[in-house]
Amino acid sequence: MNTDINRVMRALCTAAVCSVLLASSATAREKENPLSNARQVKTDVAGLNAPARILVDVWGIPHIYAGNEHDLFFLQGFNAARDRLWQIDLWRKRGLGLLARDFGPAYAEQDKALRLFLYRGDMNAEWASYGPKAKTYAEAFVAGINAYVADVRDGKRPLPIEFRIAGTRPDPWTADDVVRIRSHGLTRNIASEVKRSLVACAAGLEADPFRVKLEPAWTTKVPDGLDPCSVPKAVLAAYDLATRPVAFPQPKERQAALAHDPDTYLDAADQQRDTIGSNNWVIAPSRTATGRPILANDPHREHSVPSLRYIVGLNAPGLSVIGAGEPALPGISIGHNGTIAFGLTIFNVDQEDLYVYELNPQNPNQYRYGNGWEDMRIVNETEQVKGEGDRDIELKFTRHGPVIHVDEGNKRAFAVRSIWFEPGTSAYFGSSDYMTAKDWNGFLAAMRRWGAPSENQVYADTRGNIGWVAAGKTPRRVNYDGLMPVPGDGRYDWQGFLSLDDLPKAYQPKQGFLATANQMNLPPDYPISERKVGFEWADSARWQRIVEVLQANSKVTLADAMDLQNDDTAMLGRRLVKLLQPLTSDDANVKKGLELLRPWDARDAADSAAAALFEVWIANHLGPTLLKTTAPKAVGLIAPEASSISAIVAYLESPDAALGADPAAARDQILRESLGAAVADVAGKLGDDASTWRWGRLHVAKFDHALIPLADKATAAQMSVGPLAFGGAANVPRAATYRRSDYQLISGASFRMVLDVGNWDASRTINTPGQSGDPFSGHYRDLAPLWATGQYVPLLYSQPAVEAATAEAITLTPR
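Residues numbered from 1 in each chain as written. Predicted model: local features only at pLDDT ≥ 70, side-chain atom pairs only at ≥ 80, totals over all residues. Heavy atoms only, no water.

Its 28 residues give helix H3 (residues 69-96) an end-to-end C-alpha distance of only 28 Å, which falls more than 12% under 40 Å, the value for a rise of 1.5 Å per residue. The largest bend in H3 is about 110 degrees, located at arginine 84. Extensive coverage of H3 is indicated by the burial of 25 of its 28 residues. With a side-chain oxygen lying 3.2 Å from the backbone nitrogen of histidine 70, the N-terminal cap of H3 falls on asparagine 68. Looking one or two residues beyond H3, the residue adopting positive phi is glycine 97, at roughly 75 degrees. (Helix = DSSP H or I, 4+ residues; strand = E, 2+ residues; numbered from the N terminus. Expected span 1.5 Å × (residues − 1). Bend = angle between axes of the 7 residues up to and from the residue. Buried < 20%, exposed > 50% of the residue type's maximum accessible area, 1.4 Å probe, protein only. Polar contact = N/O pair within 3.5 Å; in protein donor to acceptor, adjacent residues only side chain to side chain.)

Should the charged atoms of two oppositely charged side chains come close, the side chains can pair. Counting across every chain of the model gives 49 salt bridges. A salt bridge links aspartate 742 to arginine 739; the nearest nitrogen and oxygen atoms lie 2.6 Å apart. Residue class for arginine 739 comes out partly exposed when judged on its relative accessible area of 33%. (Salt bridge = Lys/Arg side-chain N within 4 Å of Asp/Glu carboxyl O.)

In the contact formed by helix H18 (residues 571-580) and helix H23 (residues 645-653), the axes pass within 11 Å of each other and the chain directions differ by 30 degrees. By crossing handedness, the relation of H18 to H23 is classed as left-handed. Here Leu572, Arg575, Leu576 and Leu579 of H18 lie close against H23, whose contacting residues are Ile645, Ser646, Val649, Ala650, Leu652 and Glu653. Residues of the contact of H18 with H23, tallied by class, amount to 7 nonpolar, 1 polar and 2 charged. (Axes fitted to C-alpha atoms, helices over the stretch in contact; angles between N-to-C directions. Left-handed = near helix turned anticlockwise from the far one by under 90°. Contact = heavy atoms within 4.5 Å. Nonpolar A, V, L, I, M, F, W, Y, C, P; charged D, E, K, R; others polar.)

Another aspect to go through is the confidence of the model for the protein. Low pLDDT marks regions whose predicted coordinates should not be analysed in detail. Here the protein averages 94 in pLDDT, and 95% of its residues register 70 or above. Across residues 1-29, where pLDDT falls below 50, the model places 43 contacts with residues more than four positions away in sequence or in other chains. (pLDDT = per-residue confidence, 0-100.)

Reading across from one edge, S1-S31-S2-S3-S6-S7-S8-S9-S17-S18-S22 is the order of the 11 strands in this open sheet, with mixed pairing throughout. Strand pairing shows two members of the sheet lacking a second neighbour, strand S1 (39-45) and strand S22 (505-507), which therefore form its edges. For this sheet, the mean angle separating the axes of adjacent strands, direction not counted, is 15 degrees. Contacting S1, strand S2 (52-57), strand S3 (62-65), strand S6 (310-316), strand S7 (319-325) and strand S31 (806-814), H3 crosses the sheet at an angle of about 155 degrees to S6. (Pairing = 2+ DSSP bridges.)

Before going further, it helps to spend a moment on the packing of aromatic side chains. On inspection of all chains with the given rule, the structure shows 36 aromatic pairs. Aromatic side chains tyrosine 480 and tyrosine 492 sit 5.5 Å apart centroid to centroid with 85 degrees between the ring planes, which places their arrangement in the edge-to-face category. Of the two residues, tyrosine 480 is situated in the loop between strand S19 (474-475) and strand S20 (486-487) and tyrosine 492 in the loop between S20 and strand S21 (497-498); the sequence distance between them amounts to 12 residues. Tyrosine 492 shares its class with tyrosine 480; the two are buried. When the centroid spacing of 5.9 Å and the interplanar angle of 75 degrees are considered together, the rings of tryptophan 494 and phenylalanine 497 count as edge-to-face. In this structure tryptophan 494 comes out as buried when scored by relative accessible area, which is 6%. (Phe/Tyr/Trp six-rings, centres within 6.5 Å; stacked < 30°, edge-to-face > 60°.)

Counting residues in each nonpolar core, the largest one holds 255 residues, and the members touching the most others are Leu236, Phe443, Trp617 and Trp693. Here this core takes 13 residues from H3, the largest share from any one element. Other than its neighbours up to four places away in sequence, tryptophan 693 contacts Lys592, Leu596, Ser608, Ala609, Leu613, Val679, Val682, Ala683, Leu686, Gly687 and Asp688. Of all hydrophobic cores here, the second largest spans 18 residues; its members include Ile283, Leu550, Leu558 and Val754. (Core = buried A, V, L, I, M, F, W, Y, C linked by side-chain atoms within 4.5 Å.)

The buried count for S2 comes to 5 of 6 residues, which makes it a mostly enclosed element. Two elements, S2 and S31, share 6 bridges in a ladder whose sense is antiparallel. Bridge assignment links arginine 53 to a residue of S31, and that residue is threonine 811. Taken together, the 4 bridges between S2 and S3 define a ladder with antiparallel strand orientation. Each residue of the ladder has a partner; that of leucine 55, found in S3, is histidine 63.

Let us now look at unusual backbone geometry. Only a minority of non-glycine residues have a phi that is not negative, and only a minority of peptide bonds are not trans. Here the bond from glycine 722 into proline 723 is cis, since omega is 5 degrees, no more than 30 degrees from zero. Relative to the helices and strands, proline 723 resides in strand S25 (residues 720-725). Unusually for a residue other than glycine, lysine 411 sits at a positive phi of about 55 degrees. Considering the arrangement of structural elements, one finds lysine 411 in the loop between strand S15 (403-407) and strand S16 (412-418). Of note in the backbone geometry, asparagine 518 takes a positive phi value of approximately 70 degrees without being a glycine. Structurally, the position occupied by asparagine 518 is in the loop between strand S23 (513-516) and helix H16 (541-551).

Next comes the structure, spelled out in structure tokens:
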């Protein structure tokens, strides 16, 4: 093992972890059986064709070795059930709209909403969309899940504690379940369409640029035929129910907890521009210390326990991959196959629209389309409800998609058109196609079939090539831009989809690296008026910092890449601090704020007092103070969004007449007033003595299992991880978005990966809070302290290294 990796791991790991890693190669050579110190488990499995092994390393990462592809994906499903059965069972029940059967009538409305968003098209077309082996992989995968579920239901394997708490049992799967479920995926921008309509109604579209900056530069307008005031604030109630996680409040609190709050939903959904995304970059051999490519990826999603991601190694003759995916899906979506490496971030294609219909006054099941009335398609289904008899469900669909709201008084209906209803758009399932590619052309061939989510995929291979491709099913909008709801009368229909060749890509770039962070990365000459990909992107601050660091380093190491994933430099902070430099004030709070922020290094470090003030300031004070002057009628719609800080900073740098005769002076007063209020706010939380302020005292990571409200006190404590002090924020590379009410982390990079392309055992990863879904497993929380302090564990690939680091060796034989 090279000395650079030894140095890195000694710096990053605990003594126990380092001893395993640094000794792994020697151990594999010196020991006749390197697995002799591992815990040995033997089990037989119905449906397995030949003996196989699962080697679980000391960090909880399973490495599956099977004699054929069927057994490999069978065991991936079996192992997912072994480690995450409650999580994947709930994923299925939620996705199919089967919650009320297990959890009672409080979940009946959520079930109805979920069923609206199932794929209901041609299943032959669906399976064909993912590549030649997709269905085979899925069938083997669910057979493995079902083998484990059958043993649990028969009492041959223990029922996980979550089912005992909830009073339920796991259910068997079909292969179609894997792909028909769509509502766990990510599309965009329907919440923003609604918010923009509300802003237009309250204050005019000229106020909307304070909410979100459109990129490339674009001026939208109210579509012909749309009255923005006709769009109800609660129009997305069903969409909210269909896309939210399942909550388990106490029975007496369920009605309130499961109700739709349109303000909260719209604010949270619109904020996803800057909170639900990822960072990735790929560096050519010419710019690395080893002369091999480096690929790094850290996807940002809502934090949860168990983690959204699951790391696994899959090995069979002709197939060997390792990385992370979602535990309910076969294969991996982020990782490598020994020849190529791949990592993803969201590429912000607008993949959905809200349609507004005029209803027939004589028939509420007809809507105007063209010159006449068109019948809705009505689907009647039965829903089982625990504690009650079966309920009949009526689902209505227009030619565009499911009807999510009916305004009976005004004879209007609202429906969602989404790429979810097109074949091939099950979220991340297309990775089963590209994960076996062996070169750039093979990778591009798989990406031509990619549907959802829309992604920036970065690529590297052992020959030293690097690349980037944007992919995803992209609606072709000819006469409108997708930024507001549109009439559903036929004037605003999609005209097919853009092809992969219509989207940007790069291969072997001259600068020697490629990076994406959900920023607007369409080329300057991209024909946006012809190909309206999307106009709402994450703030470019994360990407700017990543590029700044990579440009300054011509010999990047793995340690450098890990440091960059944990970099907490706030580019927006730099810009705001620059505006503060000339300011003075006699007000004690403003003076204290200026003294803290003017010398600040713009790092959102956990031990920084200035970072605590800065984040409280931009989250809850700066925006509302500005908007009271510039757009008072829209304050309640725009100011609650922390994501609007990007547009607000841009405006403050170039204020205009909306601030009066002397915009710069008015701007400076807004800075002073809002900063003074923020200082008072932080003092109320952390005390008057600013020397004791720390961002990490406010900004903490805590992972609470959804079932905690139903568990007894001792079990609830076991199901919780944290709190852990944490640096970072939404718009820094160390992405760590918080609730504005209490600054607790809610989303960010729970999984990180840095790959040494070609020297695979040197690669590193982390997955918080741990790999296991069992609250009583040592791997439920073991990775959280490492994650919180920016540390990593090895992502081992070669069999000798895996065997040397194995803690549990599971031998499986056919039953």
